[in-house]
Amino acid sequence: MNKQISILVSVFIILFALIGSFVKTTEVAPANARMIVDHSLNVYVSPPCFNEADVTNFLEEVTLKDALDMEYRPESSCTEDSLIGEPRSLISLLLETVGLRSGKWDRDGEWQ
């Protein structure tokens, strides 16, 4: 009985590894990702794009959810593109979930 369970577990692990390496997911910015909003222009900017952004000095730091709730738009395509991560396998997603690998954002929404 133990041998059958061991074989079954081994087959499951092998299948997960094979399927998990071919199936891709795309990381998207969490709702708590840090953004900078410009209240004069009604736009938001992601931190990696801030230096190139054309914004005024009426700025505030908020979360992505807050910026979207205010119905602000992305300041540029840089901000839009920065909110989507690279395609990754299910195995990479699992490693990020258990903390063995870092993604584009940490659990607190901070940019890595």
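Whatever comes next refers back to the structure up there.
All values reported here derive from a predicted model rather than from experimental measurement.

This brings us to unusual backbone geometry. Generally, phi is negative for residues other than glycine and the peptide bonds are trans, each holding for most cases. One non-glycine residue, Asn42, lies in positive phi territory at about 60°. Locating Asn42 in the fold gives a position in the loop between β2 (34-38) and β3 (43-45). You can call Asn42 partly exposed: its relative accessible area is 36%. Phi at Glu71 takes a positive value of approximately 65°, unusual for a residue other than glycine. Locating Glu71 in the fold gives a position in the loop between α2 (64-69) and β5 (73-74).

In protein structure, a disulfide is the covalent linkage between the sulfur atoms of two cysteines. Counted according to the given criterion, the structure contains one disulfide. A sulfur-sulfur separation of 2.0 Å characterises the disulfide bridge that pairs Cys49 with Cys78. Note on the Cys49 and Cys78 pair: the S-S dihedral is about -85°, so by sign convention the disulfide is left-handed. Within this pair, whereas Cys49 is found in the loop between β3 and β4 (59-63), its partner Cys78 is found in helix α3 (residues 77-82), the two being separated by 29 residues in sequence. Residue Cys49 is classed as buried on the basis of its relative accessible area, which comes to 3%. By relative accessible area, Cys78 is classed as partly exposed at 34%.

Packed helix pairs are specified by the crossing angle of their axes together with the interaxial distance, meaning the distance between the axes. Relative to each other, helix α1 (residues 2-22) and helix α4 (residues 90-97) sit at 100°, their axes nearing to 6 Å. Relative to α4, the element α1 is oriented roughly perpendicular. Between α1 and α4, the contacting residues are Phe16, Ala17, Gly20 and Ser21 on the first element and Leu90, Ile91 and Leu94 on the second. Partitioning the contact of α1 with α4 into residue classes produces five nonpolar, two polar and no charged.

Turning next to the pairing of β2. Along β2, four of the five residues are buried, which leaves the element largely enclosed by surrounding structure. Two elements, β2 and β4, share five bridges in a ladder whose sense is antiparallel. By the bridge assignment for β4, Val37 is matched with Glu60. Where β2 and β3 come together, three bridges link them in antiparallel fashion. Residue Asp38 lies in a different strand from β3, and its bridge partner there is Val43.

Residue position: Thr79 is located in helix α3. Discounting residues that sit within four places of it in the chain, Thr79 has contacts with Tyr44, Val45, Ser46, Cys49 and Pro74.

Calculation rules
Residues numbered from 1 in each chain as written. Predicted model: local features only at pLDDT ≥ 70, side-chain atom pairs only at ≥ 80, totals over all residues. Heavy atoms only, no water. Helix = DSSP H or I, 4+ residues; strand = E, 2+ residues; numbered from the N terminus. Buried < 20%, exposed > 50% of the residue type's maximum accessible area, 1.4 Å probe, protein only. Disulfide = S-S within 2.5 Å. Axes fitted to C-alpha atoms, helices over the stretch in contact; angles between N-to-C directions. Parallel < 35°, antiparallel > 145°, perpendicular 65-115°, else oblique. Contact = heavy atoms within 4.5 Å. Nonpolar A, V, L, I, M, F, W, Y, C, P; charged D, E, K, R; others polar. Pairing = 2+ DSSP bridges.

Just distances and angles here, no functional claims.
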